[in-house]
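The primary structure of each chain is shown beneath.
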Amino acid sequence: MSYSEKLLDHYDNPRNVGALDKNDPTVGTGLVGAPACGDVMKLQIKVGADGRIADAKFKTFGCGSAIASSSLATEWIKGKRLDEAESIKNTEIAQHLSLPPVKIHCSVLAEDAIKAAIRDYREKHKPAEAAE
Amino acid sequence: MNAEAKKAANGNDKLGNGKLGNGTERGGAGRNRPHTPIYLDYQATTPTDPRVVEAMLPYFTEKFGNPHSRNHPFGWEAEEAVEKAREQVAAIIGADPREIVFTSGATESNNLAIKGVMRFHKDRKNHMITLVTEHKCVLDSARHLEMEGVEVTYLPVQQNGLVDMTVLAAAITPKTALISIMAANNEIGVIQPLAEIGKLCRTKGVYFHTDAAQAVGKIPLDVEAMHIDLMSISGHKIYGPKGMGALYVRRKPRVRLEALIHGGGQERGMRSGTLPTPLCVGLGEACAIAMKEMPAEAERLKALRERLYEGITRRLPEVFLNGDHENRLPGNLNLSFAYVEGEGLMMGIKDLSVSSGSACTSASLEPSYVLRALGVEEELAHTSIRFGLGRFTTEEEIDYAIEQVVEAVSRLRELSPLWEMAQEGIDIKSIKWAEH
């Protein structure tokens, strides 16, 4: 498969690889995909007091497109508010990386990963609204 | 590699620059980095041996006659070359030259053997048996025959890739005309017990066809000793020309089959069409070379393969061999690297030309059916890489490959959430994964 330069760059120099402490209350963790499908992404966000994503980390089991999509996702969401990060579309990721059609699903998974991380963070901060 | 092959690899200017993509033509002192990219996909195809190319060339421009032209020297000299090639092909499998039918390749040979035999016999016996791990051209031919009313049994294999002889024997019925089982598997290199299968078929009166595309010239084959009735041979898998193959069809007792291609009646009516003299010559020469060099080459390749295997497994944990270790082609190594996906890994070892059983590398996004048939779990199937070593592979290349693989796998494991979980002692199988 011949990949775009941007994709190869993310593969060779992935941004924000690593892990945040998932027990930290300011951290949201998203884990999407399945090993049986050959694609698993873990994306974590650390939300600052200002409600913006202060840090993001990822780990991915998957092909070059999957790694690049998740690396790009962490790059884009840093500094954004949660609602801004949530509105990132897979098509934007796919377009930026020039993903071949057969790899579009990797960008979908990356979008899912962002949303899953945000959802997890929100779940952790529900207590005030939790129904009794 | 042996002296002759080395000479051939180095000496031939006609082939131009880069030669065979190996490092031997450099030969400078102190070089430890071979010429890249390094070819390690010898099961996909092989470079045509320069000695084979040399043997073929005159038949394109000087001795260009049609071997079926009976009336003039151009035809006679072409015919002589074709018949000599036929003898060479027969010799490497212990057959009679009259039992060799030239074809365009093993795919055609497999089609001819399977469809040809079943269509001829299906009025009396319309059942055939094969394995789920066969090459697609065998499986697809069988599937096509099912639409013509033939019954096909697709047998599973054991975890090591070998057929279970008891299961095979039990599958035979009075209506079974043909059993088709490949000699050596292209993905995992596993070698089936041909002599045992042949003996079983002989006692039950069933024809035994074997797709030997990956086996000819790599392991000793003897159609008599192994009771083989039909055998498919591929040129481009044994350093011969592409677009050329053969089908061995037993004469005693005679195997009857229906031709697929009709026309002038060449090849005893079994396969019409003007024989491509240079390609025949090339196939013959490739077989002759292989016959001579096989024992030494097999030993050399096995040593290189073990070097690669040990070099990798000594430094990386959780690496699994797919397919039986012993009954295996000397040049095949199929490994699963847990927690690292195959296509991603291949990008990290881009100086090495290999192939993967991962879904991501196939257009259909399905993981290798051969690995699945071995019972390899899906996530491990996604992590597999096939290394195919061959005649022109050097120790330098193997050592370089080891470094590349160890480095890439280590790096990707640092990137992998599954590796992280495994390190933390989490049982990945216990997690409920969300579908996406």
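Anything mentioned here points back to the structure above.
A brief structural summary.

### Re the sheet that holds strand β2 (residues 100–103) of chain B
Residues and elements named next belong to chain B.
So, step 1. Taken together, the seven strands give an open sheet; going across it, the order is β2-β8-β7-β6-β5-β3-β4, and neighbouring strands pair in mixed fashion. Looking along the sheet, the strands with just one partner apiece sit at the ends: β2 and β4 (151–155). Here the average twist between neighbouring strands, direction ignored, is 20 degrees.

### Quick word on helix α4 (residues 73–93) of chain B
Residue and element names in this part refer to chain B.
So, step 1. Taking 1.5 Å per residue, 21 residues should reach 30 Å; α4 reaches 31 Å between its end C-alpha atoms and fits that length.
So, step 2. When α4 is considered as a whole, its buried residues turn out to be Ala-78, Ala-81, Val-82, Ala-85, Arg-86, Gln-88, Val-89, Ala-90, Ile-92 and Ile-93.
So, step 3. Buried residues along α4 sit in contact with α3 (58–61), β2, β7 (230–234), β8 (245–249) and α9 (277–313).
So, step 4. Backbone geometry just downstream of α4 places Gly-94 in the positive-phi region, at approximately 75 degrees.

### What about the pairing of β8(B)?
Residue and element names in this part refer to chain B.
So, step 1. Across the five residues that make up β8, a large majority, five, are buried.
So, step 2. Along β8, one buried face is formed by Gly-245, Leu-247 and Val-249 and the opposite face, lined by Ala-246 and Tyr-248, is buried too.
So, step 3. Where β7 and β8 come together, five bridges link them in antiparallel fashion. Paired with Met-231 across the bridge in β8 is Tyr-248.

### With respect to the nonpolar core
So, step 1. In this structure, A:Ala73, A:Ala113 and B:Tyr248 are the most contacted members of the largest nonpolar core, which totals 162 residues.
So, step 2. For this core, the element with the highest residue contribution is α9(B), accounting for 13 residues.
So, step 3. The residue makeup of this core includes at least three contributed by each of domain 1 (3–47 + 294–420) and domain 2 (53–289) of chain B.
So, step 4. Residue contacts for A:Ala73: discarding those within four places in its chain leaves A:Leu43, A:Phe58, A:Ile93, A:Ala110, A:Ala113 and A:Ile114.

### A few points about the sheet that holds strand β3 (residues 53–61) of chain A
Residues and elements named next belong to chain A.
So, step 1. The antiparallel open sheet is built from three strands, whose spatial order is β1-β2-β3. The open sheet has two edge strands with one neighbour each: β1 (27–34) and β3. Averaged over all pairs of adjacent strands, the angle between their axes in this sheet comes to 10 degrees, without regard to strand direction.
So, step 2. On the sheet, helix α5 (residues 104–124) packs against β1 and β2 (39–47) and is oriented at approximately 140 degrees with respect to β1.

### Observations regarding the interface of chain A and chain B
So, step 1. Contact with chain A, which involves 24 residues of that partner, is made by 24 residues of chain B.
So, step 2. Elements represented by at least two residues in the side of chain A that touches chain B include exactly β1, β2, β3, α2 (64–77) and α5 of chain A.
So, step 3. If one sorts the elements of the side of chain A that touches chain B by residue count, β1(A) sits on top with four residues.

Parameters and conventions
Residues numbered from 1 in each chain as written. Chains lettered and ligands numbered in written order. Predicted model: local features only at pLDDT ≥ 70, side-chain atom pairs only at ≥ 80, totals over all residues. Pairing = 2+ DSSP bridges. Helix = DSSP H or I, 4+ residues; strand = E, 2+ residues; numbered from the N terminus. Axes fitted to C-alpha atoms, helices over the stretch in contact; angles between N-to-C directions. Expected span 1.5 Å × (residues − 1). Buried ≥ 20, exposed ≤ 12 C-beta atoms within 10 Å, placed from the backbone. Contact = placed C-beta atoms within 7 Å. Core = buried A, V, L, I, M, F, W, Y, C linked by C-beta atoms within 7 Å. Domains from an automatic or database assignment.

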